[in-house]
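Residues per chain, in single letters:
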Amino acid sequence: MNRFIPLSIPNFGGNERRYVDEAIDQGWVSTGGAFIGRLEENLSLFLHADDVAACQSGTAGLHLSLIDCGVKPGDMVIVPTLTFIAAVNPVRYQFAEPVFIDCDDSLCMDPIKLEEFCKQECDFIVGKLIHRKTQKQVKAVVVVHIFGNMADMESIMNTAQRYNLIVIEDSTEALGTFYTEGRYKGKYAGTIGDYGAYSFNGNKIITTGGGGAVTAAKADTVAHLRYLSTQAKDDSHYYIHNEVGYNYRMTNLQAALGVAQMEELPDFIERKHRNYDLYKELFAGYELGKIKEFRKGTYSNQWFYSLEIDMEKIRGTMGDIIAQLEKGGVQTRAIWGLIHEQIPYQNSICYRIEKARYYSRCILNIPCSTQLTADDICYSADIIKKVLGELSR
Ligand SMILES: *Cc1c(COP(=O)(O)O)cnc(C)c1O
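Residues numbered from 1 in each chain as written. Predicted model: local features only at pLDDT ≥ 70, side-chain atom pairs only at ≥ 80, totals over all residues. Heavy atoms only, no water.

A.B. asks: Please explain the pattern of salt bridges as it appears in this structure.
C.D. replies: Side-chain pairs of opposite charge can arise where the charged atoms are in close proximity. The full count for this structure, using the stated rule, is 20 salt bridges. A salt bridge links Arg 226 to Glu 40; the nearest nitrogen and oxygen atoms lie 3.4 Å apart. Of this pair, Arg 226 sits in helix α7 (residues 219-229) while Glu 40 is found in helix α2 (residues 34-47), placing the two residues 186 residues apart along the sequence. Glu 40 carries the same exposure label as Arg 226, and that label is buried. Here Arg 226 makes a salt bridge to Asp 51, at a shortest N to O gap of 2.8 Å. With a gap of 175 residues between them, Arg 226 in helix α7 and Asp 51 in the loop between α2 and β1 (52-55) connect regions that are remote in the sequence. A relative accessible area of 19% means that Arg 226 is categorised as buried. Exposure remark for Asp 51: the relative accessible area of 17% places this residue in the buried category. One network of salt bridges, with partners in common, ties together Asp 102, Lys 113, Glu 116, Arg 352 and Glu 354. (Salt bridge = Lys/Arg side-chain N within 4 Å of Asp/Glu carboxyl O. Helix = DSSP H or I, 4+ residues; strand = E, 2+ residues; numbered from the N terminus. Buried < 20%, exposed > 50% of the residue type's maximum accessible area, 1.4 Å probe, protein only.)

Structure follows, in structure tokens:
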């Protein structure tokens, strides 16, 4: 029998079926029902946040944040180029312009280049950061905690405070990541900036099929996000609406899955750690690739593992490597293509993109599902080494 190790699949070993059945039995399947509030409460407790609003997706959470903080047509928003495009598209939903910034070796936004962009390319005039060349106001920065790895929030928050920028944390990959040291000790990814968005898509650390959540530094802000997500309905009887709302609310069916998944989250993170440690051991001293680290002074959810391959030593492309691994029964994926090179963003402003170019060519994500056994990890590592060995110069 051919063995197959998937990259990242959901794990439904808990109360998922029971809770979904309950939601169906009660007839509450849509945007009302007890599981939604329960999931929001569980998330608030877990994240030590005052309030969290459950919504349709991580993308919706990011969009709601941009709406709430007043990003309008013609504004600018600073974003990373090395990330999933959902972190950037909501900027365009608001008819605002993204500015692309490079990553550093953590794969997250480079805080030095962020600061440099604000200082060199913009003027700070009466509390507003104005991009010199276009005279547009830079209102916010979207920071992504790539693969569960905390971005350098101490530096980023310093810059944001200096230039009066709103900070939206795309924590869609980082539910459970927190600081263990420093100024933000005990603070979770998504609860440091002004807004934090989470995703429960199928391959994230917990899943509701599709779904997400959003939090904010102030509880009344979260109440407003929740209100916007439910068509901005002011009155439950007379359909009074004082703002343009959205159909972004999570359903009770999704939330039933989410409540079950939250019960398992600590166990999922432990499994991620165990498997990551084993990969680290198996690739120690390996000459063709190394496993990337997570930030020191943090406890990461270690959602996705990255193998940095020495492409100089390889004949062929990342596509060849992935295809050979697939034949060996090991499913992997390349990191994202850079967003500023995608058709909708080719004319956008970029600031000194260097490292992202390098990492977009050499990072391979390797199997990381929570169900993987030690034997699965050893098998994956063996096949990866065999394939890279065969393709090496
Ligand atoms: C998954 C993801 C999103 C979007 O989340 P959805 O729930 O799929 O909308 C946004 N940004 C990043 C970095 C992601 O990985």
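A.B. asks: It is not clear to me how the layout of surface pockets should be interpreted in this structure. Could you clarify?
C.D. replies: Any empty space left between atoms is shown by rolling a water-sized probe over those atoms. Considering only enclosed or pocket space, the largest pocket measures out at about 280 Å³ in volume. Surrounding the largest pocket, 22 residues form its lining, Phe 84, Ala 86, Ser 199, Asn 201 and Lys 204 being those nearest its centre. No other element matches helix α3 (residues 58-68), which puts 3 residues into the lining of the largest pocket. Partitioning the lining of the largest pocket into residue classes produces 7 nonpolar, 11 polar and 4 charged. The calculated volume of the second largest pocket comes to roughly 180 Å³. (1 Å grid on protein atoms, 1.4 Å probe; cavity = no way out; pocket = protein on both sides within 12 Å on 5 of 7 lines; lining within 4 Å. Points joined across faces, edges and corners; volume = space filled by probe spheres on them. Nonpolar A, V, L, I, M, F, W, Y, C, P; charged D, E, K, R; others polar.)

A.B. asks: Would you explain the side chain of Thr 370 in this entry?
C.D. replies: Relative to the assigned elements, Thr 370 resides in the loop between β16 (363-366) and α11 (374-391). For Thr 370, the side chain forms a polar contact with the side chain of Asn 11, separated by 2.9 Å. Beyond its immediate sequence surroundings of up to four residues, Thr 370 is in contact with Asn 11, Phe 268, Arg 271 and Lys 272. (Polar contact = N/O pair within 3.5 Å; in protein donor to acceptor, adjacent residues only side chain to side chain. Contact = heavy atoms within 4.5 Å.)

A.B. asks: Can you walk me through the nonpolar core in this structure?
C.D. replies: Most often, soluble globular proteins have nonpolar side chains that are buried together. Core analysis: the largest hydrophobic core is formed by 131 residues, its most contacted members being Ile 78, Met 153 and Leu 175. Counting residues per element, this core draws most heavily on helix α8 (residues 252-283), which supplies 12 residues. When sequence neighbours within four positions are dropped, the list of residues in contact with Met 153 reads Val 143, His 145, Val 167, Glu 169, Tyr 179, Tyr 184, Ile 192 and Gly 193. (Core = buried A, V, L, I, M, F, W, Y, C linked by side-chain atoms within 4.5 Å.)

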